[in-house]
Amino acid sequence: DAGITQSPRHKVTETGTPVTLRCHQTENHRYMYWYRQDPGHGLRLIHYSYGVKDTDKGEVSDGYSVSRSKTEDFLLTLESATSSQTSVYFCAISRGGADNQPQHFGDGTRLSIL
Amino acid sequence: GESVGLHLPTLSVQEGDNSIINCAYSNSASDYFIWYKQESGKGPQFIIDIRSNMDKRQGQRVTVLLNKTVKHLSLQIAATQPGDSAVYFCAENIGGADGLTFGKGTHLIIQP
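Residues numbered from 1 in each chain as written. Chains lettered and ligands numbered in written order. Predicted model: local features only at pLDDT ≥ 70, side-chain atom pairs only at ≥ 80, totals over all residues. Heavy atoms only, no water.

A. Fine view of the overall build of chain B. Each helix and strand in chain B was counted, giving zero helices and 10 strands. Each helix (α) and strand (β) of chain B, taken in turn from the N terminus, gives the series β-β-β-β-β-β-β-β-β-β. For chain B, the C-alpha atoms occupy an extent of roughly 40 × 30 × 25 Å along the three principal directions. Each of the 112 residues in chain B was classed as buried or not, and the buried ones make up 41%. On chain B, roughly 5400 Å² of surface is accessible, and the fraction owed to carbon and sulfur atoms is 47%. Treating the 9 positive side-chain charges of chain B as one cloud and the 10 negative ones as another, the clouds have centres 3 Å apart. (Helix = DSSP H or I, 4+ residues; strand = E, 2+ residues; numbered from the N terminus. Buried < 20%, exposed > 50% of the residue type's maximum accessible area, 1.4 Å probe, protein only. Areas by Shrake-Rupley, 256 points an atom, 1.4 Å probe, with all protein chains shown as cover. Lys, Arg positive; Asp, Glu negative; His and termini not counted. Charge placed at Lys NZ, Arg CZ, Asp CG, Glu CD.)

Pasting the structure below:
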């Protein structure tokens, strides 16, 4: 395994509540990513980080924010959760750099918004 | 082995046969491609990657072929085993580390 821990693994919450998902890595990789996975859509990039305090938007960033205050942690926040954000969320890490490196994934957080 | 059409959601093969999973990628500027395997309840697991300056790469029991002319990628699994049963995704990247674009996946089913 790539030394990635996602927490919580499962969460059920109500519409309008804030939710924060955590990704923790022990590999000291520079790049971290958040994806969501929905039936019929595969995995889609939400946000990514290329260093501490350096983040950028992905394909489906609306309604999400991220923070990275230290190398090992990347947080995904839903400020006011909606039912359309019910999904499985995956964190990935990569060494990155000029020579492409593969991304390695955690085992996901299953989030249900009621 | 069995070759399937592009974007077929399910591929069923006999144990011991070779499997071929196909993928059409979307961006001609993509220069890095990865195949992932995902088992139920788990995250995608890296299988093999290939860069755009190559057309073939081999790993243990797996081979990836890249045809840039028609923007086509395939994964060949030799002597398919029950443990190969999973959903397989191709992914592409346009250089740099700004995230991957994933295909929708193919569910590989192994018949005894």
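Still more to cover.
B. The arrangement of the sheet that holds strand S8 (residues 73-78) of chain A in detail. Residues and elements named next belong to chain A. Within the open sheet, the four strands sit side by side as S1-S3-S8-S7. Their pairing is antiparallel. Across the chains shown, the open sheet's two edge strands, defined by having one partner strand only, are strand S1 (4-7) and strand S7 (65-70). Each adjacent strand pair in this sheet contributes to an overall mean axis angle of 20 degrees, direction not counted. Pairing of S7 with S8, which is carried by four bridges, proceeds in the antiparallel orientation. (Pairing = 2+ DSSP bridges. Axes fitted to C-alpha atoms, helices over the stretch in contact; angles between N-to-C directions.)

C. How the structure looks around the pairing of strand S7 (residues 72-77) of chain B. Residues and elements named next belong to chain B. Bridge count for strand S2 (residues 19-24) against S7 is six bridges, and the pairing is antiparallel. Paired with Asn22 across the strands is Ser74, a residue of S7. As paired elements, strand S6 (residues 62-67) and S7 share six bridges and run antiparallel to each other. By the bridge assignment for S7, Asn67 is matched with His72. Following S6, the chain reverses through four residues before pairing antiparallel with S7; Lys71 in that reversal takes a positive phi of roughly 55 degrees.

D. Structural detail: the environment of Thr15 of chain A. Residues and elements named next belong to chain A. Relative to the elements of secondary structure, Thr15 occurs in the loop between strand S2 (10-13) and strand S3 (19-25). A relative accessible area of 48% means that Thr15 is categorised as partly exposed. Excluding its chain neighbours within four sequence positions, the residues that come into contact with Thr15 are Ala81, Thr82, Ser83, Ile113 and Leu114. Of note is the side chain of Thr15, whose polar atom sits 2.8 Å from the backbone oxygen of Leu114. (Contact = heavy atoms within 4.5 Å. Polar contact = N/O pair within 3.5 Å; in protein donor to acceptor, adjacent residues only side chain to side chain.)

E. Examining the environment of Gln81 of chain B more closely. Residue and element names in this part refer to chain B. Along the chain, the position of Gln81 falls in the loop between S7 and strand S8 (86-93). For the pair Gln81 and Ile110, spaced 29 residues apart in sequence, the C-alpha separation works out to 7.1 Å. Beyond its immediate chain neighbours, meaning those up to four positions away, Gln81 contacts Arg61 and Ile110.

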